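Structure at a glance
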Amino acid sequence: MDNTTSNNQAVIIGTIEDEFVLNHEIYAEKFYTCTVKIPRLSGTYDDIRVMVSERLIMDSSFNIGDKVEITGQFRSYNSYENGDNKLLLTVFAKDIVHFTGEESKNPNSLYINGFICKAPVYRTTPFGREITDLLVAVNRSYNKSDYIPIIAWGRNARFAKNLNVGDNIKIWGRIQSRKYQKRLSEEEVITKTAYEVSINRMELVTEENENESE
């Protein structure tokens, strides 16, 4: 397995929410997007955007309501809309299959190994919860990088607030969606979705522990 694959690994299990919509075509290969609904332990759901090649779905029947398991990478793309540069986040599918396994399997897991590319932002909520926001660059093939927003809580937030730009970190967590409202004018407010990674565990990579893992 090459390093650019092993440093970004996503596995999600959920229900197809909508139709596959053509997103783009490159080198005569079409790529489609859809939304996959993934349950949380709290009883709520995350609605995750997925991008999949026609080659993965042309021989199988995937319909709205089907439960699927998708393995791939969590990627970022720049989108230019109305003069604004927007970062779009999506699970890029390497494989998609109908899920028939055990319900107890973790339906939302992500591992990334990347570099802090923006100074951490530490804050506390009105209820006293500690949060640190990070932006992590993860290397991809062909000298590209994915820029992944990360949110750390509690003791992980206290650890993360002291990280520096350029630090190499490993993160284990889950992809989450968050609805928010954006005011376009006095009369018009729209609901949008933000995506980020919620950390379960994180580790600062040093020369010592990098050598140990080789």
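For the structure itself, look to the data block above.
About the criteria used
- Residues numbered from 1 in each chain as written.
- Predicted model: local features only at pLDDT ≥ 70, side-chain atom pairs only at ≥ 80, totals over all residues.
- Heavy atoms only, no water.
- Helix = DSSP H or I, 4+ residues; strand = E, 2+ residues; numbered from the N terminus.
- Rg over C-alpha atoms; globule rule 2.2 N^0.38 Å.
- Buried < 20%, exposed > 50% of the residue type's maximum accessible area, 1.4 Å probe, protein only.
- Contact = heavy atoms within 4.5 Å.
- Areas by Shrake-Rupley, 256 points an atom, 1.4 Å probe, with all protein chains shown as cover.
- Lys, Arg positive; Asp, Glu negative; His and termini not counted.
- Charge placed at Lys NZ, Arg CZ, Asp CG, Glu CD.
- Polar contact = N/O pair within 3.5 Å; in protein donor to acceptor, adjacent residues only side chain to side chain.
- Phe/Tyr/Trp six-rings, centres within 6.5 Å; stacked < 30°, edge-to-face > 60°.
- Lys NZ or Arg CZ within 6 Å of the ring centre and 35° of its normal.

Our next topic: the overall build of the protein chain. Helices and strands together make up the secondary structure of the protein chain, namely four helices and 12 strands. The C-alpha radius of gyration of the protein chain comes to 18 Å, within 12% of the 17 Å expected for a compact globule of 214 residues. By principal-axis analysis of the C-alpha atoms, the protein chain measures approximately 55 × 50 × 40 Å. Buried positions account for 40% of the 214 residues belonging to the protein chain. Restricting to contacts in the protein chain with at least 6 residues of sequence separation, those with at least 24 account for 60%. Summed over its atoms, the accessible surface of the protein chain is roughly 12,700 Å², and 47% of this surface lies on carbon and sulfur atoms. A distance of 5 Å separates the average location of the 26 positive side-chain charges in the protein chain from that of its 31 negative side-chain charges.

The next thing to look at is the side chain of Asp46. Inspection of the secondary structure puts Asp46 in strand β4 (residues 45–53). Its relative accessible area of 0% is what places Asp46 among the buried residues. Among the polar contacts listed, one links the side chain of Asp46 to the backbone nitrogen of Ser177, at a separation of 2.9 Å. If near-sequence neighbours (up to four positions away) are discounted, Asp46 is found in contact with Val36, Lys37, Ile38, Arg40, Asn108, Arg174, Ile175, Gln176 and Ser177.

Take the packing of aromatic side chains next. This structure, assessed with the given rule, holds two aromatic pairs. Between the aromatic rings of Phe31 and Phe92, the centroid separation amounts to 5.9 Å while the plane-to-plane angle is 35°, which identifies the pairing as tilted. Of this pair, Phe31 sits in strand β3 (residues 29–39) while Phe92 sits in strand β6 (residues 84–98), placing them 61 residues apart in sequence. Relative accessible area serves as the criterion here: at 8%, Phe31 is assigned to the buried category. Phe92 sits in the buried class, given a relative accessible area of 14%. Residues Tyr111 and Trp172 carry aromatic rings whose centres are separated by 5.2 Å and whose planes lie at 45° to one another, so their mutual orientation is tilted. Residue Tyr111 is found in strand β7 (residues 108–116), and its partner Trp172 is found in strand β11 (residues 168–183); the two are separated by 61 residues along the sequence. The lysine or arginine in question, Lys37, covers the ring of Tyr45, its NZ or CZ lying 4.4 Å from the ring centre.

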